Amino acid sequence: MQELENTFREIGPVYSALIATTFTWLVTALGASLVFFFKNMPRSILDAMLGFTGGVMVAASFWSLLAPSIEQAEKLFPTMPWMPAAVGFLLGSLFIYFLDKFTPHLHINFGDNEREGMKTQWHRTTLLLLAITLHNIPEGLAVGVLFGAAAIGAGDEMMPAAITLAIGIGIQNFPEGFAVAMPLRRNGVSRWKSFWYGQLSAIVEPIAGVLGAIAVIYMQPVLPFALAFAAGAMIYVVVEEVIPETQRDKYTDVAVLGFIGGFVVMMILDVALG
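Every chain is numbered independently, its residues counted from 1 as its sequence is written. Given that this is a predicted model, residues contribute local features only at a pLDDT of at least 70 and side-chain atom pairs are listed and counted only at 80 or more, while totals for whole chains, interfaces and linings are drawn from all residues. Water and hydrogen atoms were dropped before computing side-chain values, which therefore reflect all heavy atoms in the structure.

### Examining the overall build of the protein chain
So, point 1. In terms of helices and strands, the protein chain carries ten helices and zero strands.
So, point 2. For 274 residues, the compact-globule estimate of 2.2 N^0.38 gives 19 Å, and the protein chain sits close to it at 18 Å.
So, point 3. With respect to the principal axes defined by its C-alpha atoms, the protein chain has extents near 55 × 35 × 35 Å.
So, point 4. Split into buried and exposed, the 274 residues of the protein chain put 53% on the buried side.
So, point 5. Any two residues whose heavy atoms approach within 4.5 Å are treated as being in contact. Sequence separation of at least 24 residues holds for 80% of the intrachain contacts in the protein chain that already meet a minimum separation of 6.
So, point 6. Carbon and sulfur atoms make up 70% of the accessible area of the protein chain, which totals about 12,000 Å².
So, point 7. Of the charged side chains in the protein chain, 14 are positive and 21 negative; the average position of the first set lies 16 Å away from that of the second. Only DSSP runs of H or I reaching four residues or more are called helices, and only runs of E reaching two or more are called strands; each is numbered from the N terminus. Atoms counted for the radius of gyration: C-alpha only. Globule rule: 2.2 Å times residue count to the power 0.38. The rule is simple: take the accessible area with a 1.4 Å probe, protein chains only, and divide by the maximum for that residue type; under 20% is buried, over 50% is exposed, in between is partly exposed. For the accessible areas, the method is Shrake-Rupley and the probe is 1.4 Å, while residue cover comes only from the protein chains on display. In this tally Asp and Glu are treated as negative and Lys and Arg as positive; neither His nor the chain ends contributes. Every charge is mapped onto a representative atom, which is NZ of Lys, CZ of Arg, CG of Asp or CD of Glu.

Next up, the structure:
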């Protein structure tokens, strides 16, 4: 772990964020590649995977983002240490809220009559891809913000936190890639197209990661706000998208167990590696 930290410190925060989020993207592609071996998936497994994804995101929001945000705020805003976390969290939630309202998309387990965002005649496949892309923006942003925080000397814990978060996001991206590609395959899309759209959903993560790192480097005072912003964006995605998708059939308990498993895995990673 120490060697990995030293390597990232040497190459700088922007390249570190790019490499880490490229890793999370490639893990998504690896998960999507399972469509070459399976044509269908039991709904219970899909719900468990989505639940696991939600658990990782919620745990990461607190352990890797909100807690460091509050710690930094105690140094920069000693009279109001709660303010940056509260403001950043609200802004992050509102950011995804407005993207959700104006971007045409369709969640994985929803019917064609449940399209969200602006009215459009775009194909169902495109809308599914846009939905999961919205999901991945805060994940890439969170990784980039932490690498940026490590670069400006916000604390010795920031670099291991950034690496841990990238690993956690990568772990949950594997089932997520499969969860995106498999419904497309089940709806008659070819294996190659299902794989292509599955991996493409995470290509936004490297972009968001680099932007997050740059923002923190050049605007150091916004660090506690940026950490909380990423947390708010992730929590909004979990509550608005991930959890509802797992509560539409009889496997809700399986989804909850998956959520708990994801939360525990991310918590262990953060405590053990961070």
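Once you've had a look at it, read on.
### Quick look at the nonpolar core
So, point 1. Take the buried Ala, Val, Leu, Ile, Met, Phe, Trp, Tyr and Cys residues and link them wherever side-chain atoms come within 4.5 Å; each set so joined is a nonpolar core. In this structure, Leu-65, Val-143, Val-145, Leu-146, Phe-147, Leu-165 and Leu-227 are the most contacted members of the largest nonpolar core, which totals 56 residues.
So, point 2. Leu-146 has contacts with Ser-64, Leu-65, Met-158, Ala-161, Ala-162, Leu-165 and Leu-227, leaving out every residue within four places of it along the chain.

### Points about the packing of aromatic side chains
So, point 1. Ring pairs shown here join Phe, Tyr and Trp side chains whose ring centres sit within 6.5 Å, with only the six-membered ring taken for Trp; geometry is labelled stacked below 30 degrees between planes, edge-to-face above 60, and tilted in between. Evaluation of the coordinates by the stated rule reveals nine aromatic pairs.
So, point 2. With a centroid separation of 5.1 Å and an interplanar angle of 55°, the aromatic rings of Phe-8 and Phe-147 are classed as tilted. With a gap of 139 residues between them, Phe-8 in helix α1 (residues 2-11) and Phe-147 in helix α5 (residues 124-151) connect regions that are remote in the sequence.
So, point 3. The exposure class of Phe-8 is buried, given its relative accessible area of 11%.
So, point 4. According to the relative accessible area criterion, Phe-147 is buried, its value standing at 1%.
So, point 5. Look at Phe-95 and Phe-229: their rings are 5.5 Å apart centre to centre, the planes differ by 45°, and that puts the pair in the tilted class. Linking Phe-95 in helix α4 (residues 83-102) with Phe-229 in helix α9 (residues 223-246), this pair joins segments that are 134 residues apart in sequence.
So, point 6. Judged by its relative accessible area of 33%, Phe-95 falls in the partly exposed class.
So, point 7. Clustering of aromatic rings is evident, with ring pairs tying together Phe-36, Trp-192 and Phe-195.

### So, the packing of helix α3 (residues 43-76) against helix α6 (residues 158-186)
So, point 1. Between α3 and α6, the least distance of the axes is 9 Å, while the angle of their chain directions is 160°. Put simply, α3 runs roughly antiparallel to α6. Considering how the two elements wind past one another, α3 and α6 form a crossing that is left-handed. On α6, the residues touching Leu-46, Met-49, Leu-50, Phe-52, Thr-53, Val-56, Met-57, Ala-60, Ser-64, Pro-68 and Gln-72 of α3 are Met-158, Ala-161, Leu-165, Gly-168, Ile-171, Gln-172, Pro-175, Glu-176, Phe-178 and Ala-179.
So, point 2. A per-class count over the contact of α3 with α6 returns 15 nonpolar, five polar and one charged. What counts as an axis is a line fitted to C-alpha atoms, over the stretch in contact for a helix, and the angles between N-to-C directions run from 0 to 180 degrees. Throughout, the term roughly parallel applies to angles under 35 degrees, roughly antiparallel to angles over 145, roughly perpendicular to angles from 65 to 115, and oblique to all others. Two helices cross in a left-handed way if the nearer one is turned anticlockwise from the farther one by less than a right angle. They cross in a right-handed way if the turn is clockwise. Residue polarity follows a fixed list, in which Ala, Val, Leu, Ile, Met, Phe, Trp, Tyr, Cys and Pro are nonpolar, Asp, Glu, Lys and Arg are charged, and the others, Gly among them, are polar.

### Side note on the packing of α6 against helix α10 (residues 252-273)
So, point 1. Direction vectors running N to C along α6 and α10 enclose 155°, while the axes themselves pass 9 Å from each other. Accordingly, the angle class assigned to the pair α6 and α10 is roughly antiparallel. Once α6 is placed against α10, the crossing between them reads as right-handed. For the pair formed by α6 and α10, the contact residues are Pro-160, Thr-164, Leu-165, Ile-167, Gly-168 and Ile-171 on the first element and Met-266, Leu-269, Asp-270 and Leu-273 on the second.

### Points about α3
So, point 1. Take the residue count of a helix, subtract one, and multiply by 1.5 Å to get its expected span. An ideal rise of 1.5 Å per residue puts 50 Å on 34 residues; α3 measures up with 48 Å between its terminal C-alpha atoms.
So, point 2. Note that the bend at a residue is defined as the angle between axes fitted to the seven residues ending at it and the seven residues starting at it. Roughly 30° is the biggest bend found in α3, and it falls at Ser-61.

### Structural notes on a nonpolar patch on the surface
So, point 1. Patches draw on residues past 30% relative accessible area with no salt bridge. Two like charges within 9 Å are joined, as are two nonpolar side chains (Val, Leu, Ile, Met, Phe, Trp, Tyr) within 5 Å. We define a salt bridge as a side-chain nitrogen of Lys or Arg found within 4 Å of a carboxyl oxygen belonging to Asp or Glu. A contiguous nonpolar surface patch, about 660 Å² in accessible area, is contributed by Val-87, Leu-91, Leu-94, Tyr-97, Phe-98, Phe-102 and Met-118.
So, point 2. If you trace the backbone, Val-87 turns up in helix α4.
So, point 3. Among the residues examined, Val-87 registers a relative accessible area of 33% and is labelled partly exposed.

### Some points on the confidence of the model for the protein chain
So, point 1. Chain-level statistics for the protein chain give a pLDDT mean of 85 and a share of 91% at 70 or above.
So, point 2. For the protein chain, per-element mean pLDDT is lowest for α1, which scores 79, and highest for helix α2 (residues 13-32), which scores 92. One confidence number per residue, pLDDT, is output by the predictor and ranges from 0 to 100.

### A word on the environment of Ile-260
So, point 1. Note that Ile-260 resides in helix α10.
So, point 2. According to the relative accessible area criterion, Ile-260 is partly exposed, its value standing at 45%.

### Considerations on the side chain of Asn-136
So, point 1. Tracing the backbone shows Asn-136 in helix α5.
So, point 2. Owing to a relative accessible area of 0%, Asn-136 belongs among the buried residues under this scheme.
So, point 3. Residue contacts for Asn-136: discarding those within four places in its chain leaves Asn-173, Glu-176, Ser-201, Ala-202, Val-204 and Glu-205.

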